[in-house]
Amino acid sequence: MEQFNEIASAFECPGTYLGEEPYGSGHINDTYKVYYDVDGEEVHYIRQRINHKIFKDVPGLMENIGRVTRHQRKKFEEAGADQVDRRVLTLIPSVDGKDFYQDAKGNFWRTYVFIEGAVGIDVIEHTGQAYKSAKAFGGFQCQLADMDDRLNDTIPNFHHTRSRYDTLMQAIEEDAHGRVANVQAEIAFAKEREAIVDVVIDLMAAGGIPERVTHNDTKLNNVLMDCETDEGMCVIDLDTVMPGSVLYDFGDMIRTTTNQAAEDERDLSKVEMNIDYFEALVKGYLETASGFLVPKERELLAFSGKLITFEIGLRFLIDYLQGDTYFKTRREGQNIDRCRKQFKMVQSMERQMDQMQRIVEGFQ
Ligand code: ATP
Ligand code: MG
Ligand code: MG
């Protein structure tokens, strides 16, 4: 395709451009595997069209990714790590010396070295995967704990649970689509838990929890696992790296990794927080993160899962009340089903919270 030729010639990839194909199962950007011929050898890259509808400040986002990946590389090299090119994303510069290229239509593109022999796991199959992904994310945060200048806030107030709660109250009052009557139980569930929404925000404001560099999308498939050894090789998908609390990263690992049900599963009996996966996450995470966590962060690790799961549930509930404008839906009621799944996970964590807490304490 003509457009791809233009994009290909905008990056400093050595060799002859051969073509590309859509790649992976990402939901946000358009991702392609790109093929080049370098002296008779086939070389691959990942090329992505960045979703600038979702990310309003792409240059700021790319500046964050450039700074983070260069910092990681330095850390790996200082530690004498092997296979550094498979452990950290490598940006290929554009011909005008930037980390991205903007085409005539206003789309933003970036190119990474393709990490061979490693894959992202979409649905968890065993505890080893939870352990290895948490270890990789903890290692990622650890490497970035000493970055000097603050990163750009590319999505302001990303995890401001209080604002989400207030938005919900407003959406209930407006009832713009006459749906409030259908979801009285969910609204009551949310109101009963109002007290938890300020816990992390207040502690951060008071300095009890430090602001750090965080990933903000710590799903299992955002760690590429080595196909031979299963090792968590590389943390990818850095669009949301920002200043924040590591608790949201760990909480989102709990939310996304400890249950295999679909995001809009209607059979809620399938929705439970699996305590074995939780334990594996804690073990992997503390192996790499315990060196920098302060006691208050450690104390709130189990709670963080409940908090972020509640927050995501609120977002689905808000979108349902506001007429499904933010999250794409394929069928009626999908957003309320998504909300119910999150709230069921919250309940499941509440039931197991004592045990979760004991597991965290057991790894002191
Ligand atoms: P998400 O829905 O998780 O936000 P996304 O649209 O932001 O996804 P990415 O996660 O960045 O996209 O990439 C999509 C997929 O492409 C990944 O899941 C992974 O399989 C693959 N991928 C990304 N970067 C690389 C790389 N450097 N080497 C090999 N594969 C990669
Ligand atoms: Mg991804
Ligand atoms: Mg992403």
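Residues numbered from 1 in each chain as written. Chains lettered and ligands numbered in written order. Predicted model: local features only at pLDDT ≥ 70, side-chain atom pairs only at ≥ 80, totals over all residues. Heavy atoms only, no water.

Draft legend 1. Inspection of the coordination of the magnesium ion (ligand 3) at higher detail. At 2.2 to 2.3 Å from the magnesium ion (ligand 3) lie its protein donor atoms, namely D237 (OD) and D237 (OD). Between the magnesium ion (ligand 3) and the magnesium ion (ligand 2), a spacing of 4.0 Å is present, and a bridge between the two is formed by D237. Positionally, D237 belongs in the loop between β9 (232–235) and β10 (242–244). (Donors = N, O, S within 2.8 Å, 3.2 Å for Na, K, Ca; no water. Helix = DSSP H or I, 4+ residues; strand = E, 2+ residues; numbered from the N terminus.)

Draft legend 2. The arrangement of a nonpolar patch on the surface in detail. Nonpolar side chains collect at one region of the surface, where I28, I54 and Y326 lie side by side and expose about 280 Å² of accessible area between them. Tracing the backbone shows Y326 in the loop between α11 (301–321) and α12 (334–362). According to the relative accessible area criterion, Y326 is exposed, its value standing at 54%. (Patch = residues over 30% accessible without salt bridge, like charges linked within 9 Å, V, L, I, M, F, W, Y side chains within 5 Å. Areas by Shrake-Rupley, 256 points an atom, 1.4 Å probe, with all protein chains shown as cover. Salt bridge = Lys/Arg side-chain N within 4 Å of Asp/Glu carboxyl O. Buried < 20%, exposed > 50% of the residue type's maximum accessible area, 1.4 Å probe, protein only.)

Draft legend 3. Geometry of the packing of aromatic side chains. Applying the stated rule across the entire model yields 13 aromatic pairs. Here F4 and Y32 contribute two aromatic rings whose centre-to-centre distance is 5.0 Å and whose plane-to-plane angle is 70°, an arrangement assigned as edge-to-face. Placement of F4 in helix α1 (residues 2–8) and of Y32 in strand β2 (residues 30–38) is noted, with a sequence separation of 28 residues between them. You can call Y32 buried: its relative accessible area is 16%. Site record: aromatic cluster; members linked through ring pairs are F4, Y32 and W109. The residue whose ring lies beneath K33 is F114, and the NZ or CZ to ring-centre distance is 4.5 Å. (Phe/Tyr/Trp six-rings, centres within 6.5 Å; stacked < 30°, edge-to-face > 60°. Lys NZ or Arg CZ within 6 Å of the ring centre and 35° of its normal.)

Draft legend 4. Geometry of the coordination of the magnesium ion (ligand 2). In this structure, N222 (OD1) and D237 (OD) serve as the protein donors to the magnesium ion (ligand 2), at separations of 2.2 Å. Taking the relative accessible area as the measure of exposure, N222 reaches 4% and is therefore buried.

Draft legend 5. Up close: the layout of surface pockets. In this structure, the second largest pocket occupies an estimated 620 Å³ of space. For the second largest pocket, the lining is made up of 28 residues, of which G24, T31, N221, L224 and I236 are closest to its centre. Looking at the lining of the second largest pocket, the elements with two or more residues in it are β3 (41–50), β5 (108–113) and β6 (118–119). Tallying contributions element by element places β5 first for the lining of the second largest pocket, with three residues. (1 Å grid on protein atoms, 1.4 Å probe; cavity = no way out; pocket = protein on both sides within 12 Å on 5 of 7 lines; lining within 4 Å. Points joined across faces, edges and corners; volume = space filled by probe spheres on them.)

Draft legend 6. Local environment of the nonpolar core. The biggest cluster of nonpolar side chains holds 97 residues, and the ones touching the most others in it are V68, F250, F278, Y285 and F310. Viewed by domain, this core spans two of them, domain 1 (2–116) and domain 2 (127–362), each represented by three or more residues. Here F250 is in contact with F278, L281, V282, Y285, L301 and S304, once residues within four sequence places are set aside. Grouped together as the second largest cluster of nonpolar side chains are 13 residues, F11, Y32, I92 and Y101 included. (Core = buried A, V, L, I, M, F, W, Y, C linked by side-chain atoms within 4.5 Å. Domains from an automatic or database assignment. Contact = heavy atoms within 4.5 Å.)

Draft legend 7. Quick peek at the site of ligand 1. Around ligand 1 lies a shell of 21 residues, among which H27, N29, I115, K219 and D237 are the nearest. A distance of 3.1 Å separates an oxygen atom of ligand 1 from a polar backbone atom of I28. Residue K219 places a side-chain N or O atom 2.7 Å away from an oxygen atom belonging to ligand 1. Its free accessible area being 620 Å², ligand 1 has 95% of it covered by the protein chains. More than half of the atoms belonging to ligand 1 lie within 2 Å of the grid points that define the second largest pocket. Among the secondary structure elements, those contributing two or more residues to the shell around ligand 1 are β3 and β5. Each residue belonging to the shell around ligand 1 can be placed in one class, and the counts come to 10 nonpolar, seven polar and four charged. Two domains each put at least three residues into the shell around ligand 1: domain 1 (2–116) and domain 2 (127–362). (Near = heavy atom within 4 Å. Polar contact = N/O pair within 3.5 Å; in protein donor to acceptor, adjacent residues only side chain to side chain. Sits in = over half its atoms within 2 Å of the grid points. Nonpolar A, V, L, I, M, F, W, Y, C, P; charged D, E, K, R; others polar.)

Draft legend 8. Up close: the sheet that holds β9. An order of β6-β8-β9 is seen for the three strands of this open sheet, with the pairing classed as antiparallel. On the outer flanks of this sheet lie β6 and β9, each paired with one strand and no other. Of the strand pairs in this sheet, β6 and strand β8 (residues 223–226) are connected by two bridges, and their pairing is antiparallel. Bridge assignment links V119 to a residue of β8, and that residue is M225. Of the strands in this sheet, β8 and β9 are in contact with helix α4 (residues 127–144), which crosses β8 at around 125°. (Pairing = 2+ DSSP bridges. Axes fitted to C-alpha atoms, helices over the stretch in contact; angles between N-to-C directions.)

Draft legend 9. Representation of the side chain of Q143. You can see Q143 is positioned in helix α4. What makes Q143 buried here is its relative accessible area of 11%. In this structure the side chain of Q143 is engaged in a polar contact, spanning 3.4 Å, whose partner is the side chain of Q72. Ignoring any residue separated from it by four or fewer positions in sequence, one finds Q143 in contact with H71, Q72, K75 and F76.

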